[in-house]
Amino acid sequence: MKIGNFEIGAGRTFVIAEIGNNHNGDLNKAFELVDVAVEVGADCAKFQMRHLDEVYRSKSLLKSGEDLGTEYILDLLEKFELNKEFHRKLNQYCKEKGILYLCTPWDSKSVDVLETFPVPAYKVASADLTNVKLLDRLIETKKPLILSTGMSQTQEILFTRDYLTKANSEFVFLHCNSTYPAPLHDINLKWMNQLREFHNYIGYSGHERGINVTLASVALGAMIVERHLTLDRTMEGPDHAASLEMKEFKTLVSGIREIELATGTSQYERKVSQGEMINRENLSKSCVAAVPISKGTIITKDMVKVLSPGQGLSPQKMYDLIGKKMQRDMDVEDYFFPSDLSEKRIEPRQYKFTHPWGVPVRYHDFQEYYQRVKPDLFEFHLSYSDMELDPNQYLTGTYECEFVIHAPELFEGSHLMDLATPDESYRKISLKETQRVIDITRALKKFFPKTKKPFIVANIGGISMDGNLPKEILPSYYQRFGESLKSLDLEGVELIPQTMAPFPWHFGGQRYQNIFVHIAEIEEWCKKLNLRMCYDVSHTMLTCNHFGYDFYDFSERIAPFTAHIHMGDAKGLNGEGLQVGEGDIDFNRLGKIFAKHAPNAWFIPEIWQGHKNGGEGFWIALEKLEGIL
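Computed from a predicted model, the values in this text were never measured in an experiment.

What counts as what
- Residues numbered from 1 in each chain as written.
- Predicted model: local features only at pLDDT ≥ 70, side-chain atom pairs only at ≥ 80, totals over all residues.
- Heavy atoms only, no water.
- Salt bridge = Lys/Arg side-chain N within 4 Å of Asp/Glu carboxyl O.
- Helix = DSSP H or I, 4+ residues; strand = E, 2+ residues; numbered from the N terminus.
- Buried < 20%, exposed > 50% of the residue type's maximum accessible area, 1.4 Å probe, protein only.
- Domains from an automatic or database assignment.
- Contact = heavy atoms within 4.5 Å.
- Core = buried A, V, L, I, M, F, W, Y, C linked by side-chain atoms within 4.5 Å.
- Pairing = 2+ DSSP bridges.
- Axes fitted to C-alpha atoms, helices over the stretch in contact; angles between N-to-C directions.
- Left-handed = near helix turned anticlockwise from the far one by under 90°.
- Nonpolar A, V, L, I, M, F, W, Y, C, P; charged D, E, K, R; others polar.

*Asks:* A description of the pattern of salt bridges should follow, citing residues and the corresponding values.
*Replies:* Under the defined criterion, the tally for this structure stands at 33 salt bridges. A salt bridge links K250 to E39, with the nearest nitrogen and oxygen atoms 2.7 Å apart. Of this pair, K250 sits in helix α12 (residues 246-263) while E39 sits in helix α1 (residues 27-40), and the two are 211 residues apart along the sequence. Judged by its relative accessible area of 42%, E39 falls in the partly exposed class. In this structure, the salt-bridge partner of D584 is K571, at a minimum N-O distance of 3.4 Å. Remark: K571 occurs in strand β26 (residues 569-571) and D584 occurs in the loop between β27 (575-578) and α22 (587-597); sequence separation between them is 13 residues. Residue class for D584 comes out partly exposed when judged on its relative accessible area of 32%. Look at K571 and you get partly exposed, because its relative accessible area is 40%. Taken together, the shared-partner salt bridges connect R12, D43, R257 and E260 into one network.

Quick look at the structure:
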């Protein structure tokens, strides 16, 4: 079901800023309320239109003996009702401001006027849920209808449901309590569950104080949310007291968007998030060897124990190991892996690529990898503890390949590398540690004489804790990074920033990345700072998924600046470092872009925990990428 360009029921809540008569008859106030609706992030600004002579009895309009409540309402409506041509101007103003105009017609004549604009859908007030004459006119428009169910009994709601269904009308029911403000104990939000059984499309129209109940309605599945918007809750009129002012409405919309991201689906399979995967690796348990085990040995129970971290076979599979014949030698506390259950082991071979290719390693496993495969390069991933090691204990002589260094992003003392931060004391620590990485890199050149100017891949900072930084201050972050580059002794090396995902993971939780995320900024600052990039395609796929960018356009634009590539698949917003072919990336299409625009770029497979089980994830990726790069 669509209202304008918005698809109702597709996971994004449609937010209505109900202005109604809160303009108090002043067109300029109405324009101002539209501006506020745009500012707070509402999807539509909604008004109300009445022809009083079509809505009320003549006797009522003459106020001859009506109840005091009706007299009060009529006085306000006569005072605050906008001229019909003013609505036409508001409709046009909403178009100019990029927000949808909707309106509640209280009579058929108002529908006739609104159909000349036209409007994409109609709101039906709670008071008209039972008004079949008005419903008949609205059905004729063939527009979607949004109906509030306040002040109605269950049977009345079911009657209108059946009436509209028979007419093949598209509609949404909004749970509503029609008091202004509504007492919390009268709202009965759980009745939304019953309403959903009556009809698939439901929402919430709130008149309560504050925003908490409305936020809860989103968690209960509201596809549309409507709240009144006012410039000042103390103004004259019946709706102001039950309305939200700008700041509170903006907080509401922000909360709705957060709930949407957090709600997910009710699918059977529970998905482990990227952050959970990191914590699971660090905190959970694995099956490990309790004793040295020789190839060909039949596994017995006393050969297996369970220890952290969780980088090997799950303890739930411990008894599946018993009786299996080992296909490899194991030292004490080596991990068991799923391949040990199948008694198969994936081994590397000499792959063929048009691009120089390599494998990520640490000091401690370099010799093992070098004995098994001969790539064009190795990328050493340093941790802050690796920086304290003596490379001569792990490397000897010289090697017929090139090398790359991946700098740590976390240093001792929980210090994240940040060469762009405005905190000068923090930046000085990052500069000091980065210089140490540079010095280590220069020292490693003696082992790899083919490498004249090794790359140092770096995540250079610009991370914030609870939200993205304002866009207007981001140039100062790039400028400080440029100043940091000038402060470093980069003789004989090339520091290449890595493209970043919008939500990096640190210390077991999500953070916000602010620089080297967006392609326009990357292009601008690569030119200004004379930089080349490490293009992490997995990070960038997540960026494109989040911001709605075209990934292949991004790839074509960054390729001319690309010196080195990290190849891994990605899915959704945080499915990072997936095995090639398990995410959203078309690698054949991507390979053609690299062949044309970055033919000399180096690459490695960067697969989440690809190093486990002797590099099994890397070998699988290289098999899949052969013939593409």
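*Asks:* I'd love a proper account of the domain arrangement of the chain, names of residues and values included.
*Replies:* Accessible area lost upon the coming together of the parts is a frequently used measure of interface size. The domain boundaries assigned to the chain delineate domain 1 (2-263), domain 2 (274-341) and domain 3 (358-625). Relative to domain 3, the C-alpha centre of domain 1 lies at a distance of 51 Å.

*Asks:* If you had to explain the environment of W525 to someone new, which residues and values would you point to?
*Replies:* Tracing the sequence through the fold places W525 in helix α19 (residues 519-529). Remark: the alpha-carbon pair of W525 and K325, spanning 200 residues in sequence, is separated by 56 Å. Residues in contact with W525, not counting those within four places in the same chain, are P475, Y478, Q479, N530 and L531.

*Asks:* I'd like a description of the nonpolar core, backed by residues and values.
*Replies:* Buried together is how nonpolar side chains tend to be arranged in soluble globular proteins. Core analysis: the biggest nonpolar cluster contains 85 residues, and F380, F516 and M567 have the highest contact counts within it. If sequence neighbours within four positions are ignored, F380 has contacts with V361, R362, Y363, F366, L395, F403, V404, I405, H406 and F448. Among the nonpolar cores identified, the runner-up in size contains 60 residues, and A37, A42, M49 and V113 belong to it.

*Asks:* Can you break down the pairing of β27 residue by residue, with the values?
*Replies:* With two bridges joining them, β26 and β27 adopt antiparallel strand pairing. Bridging across to β27, D569 finds its partner in L578. Hairpin connection from β26 to β27: three residues lie between these consecutive antiparallel strands, with G572 at a positive phi of about 65 degrees.

*Asks:* I'd like to hear about the packing of helix α8 (residues 154-166) against helix α10 (residues 191-198), residue by residue, with values.
*Replies:* Contact geometry of α8 with α10 gives a least axis separation of 11 Å together with a crossing angle of 30 degrees. Crossing of α8 against α10: the hand is right-handed. Facing α8, whose interface residues are T154, I157, L158 and R161, α10 presents W191, L195 and F198. For the contact of α8 with α10, the class distribution of residues is five nonpolar, one polar and one charged.

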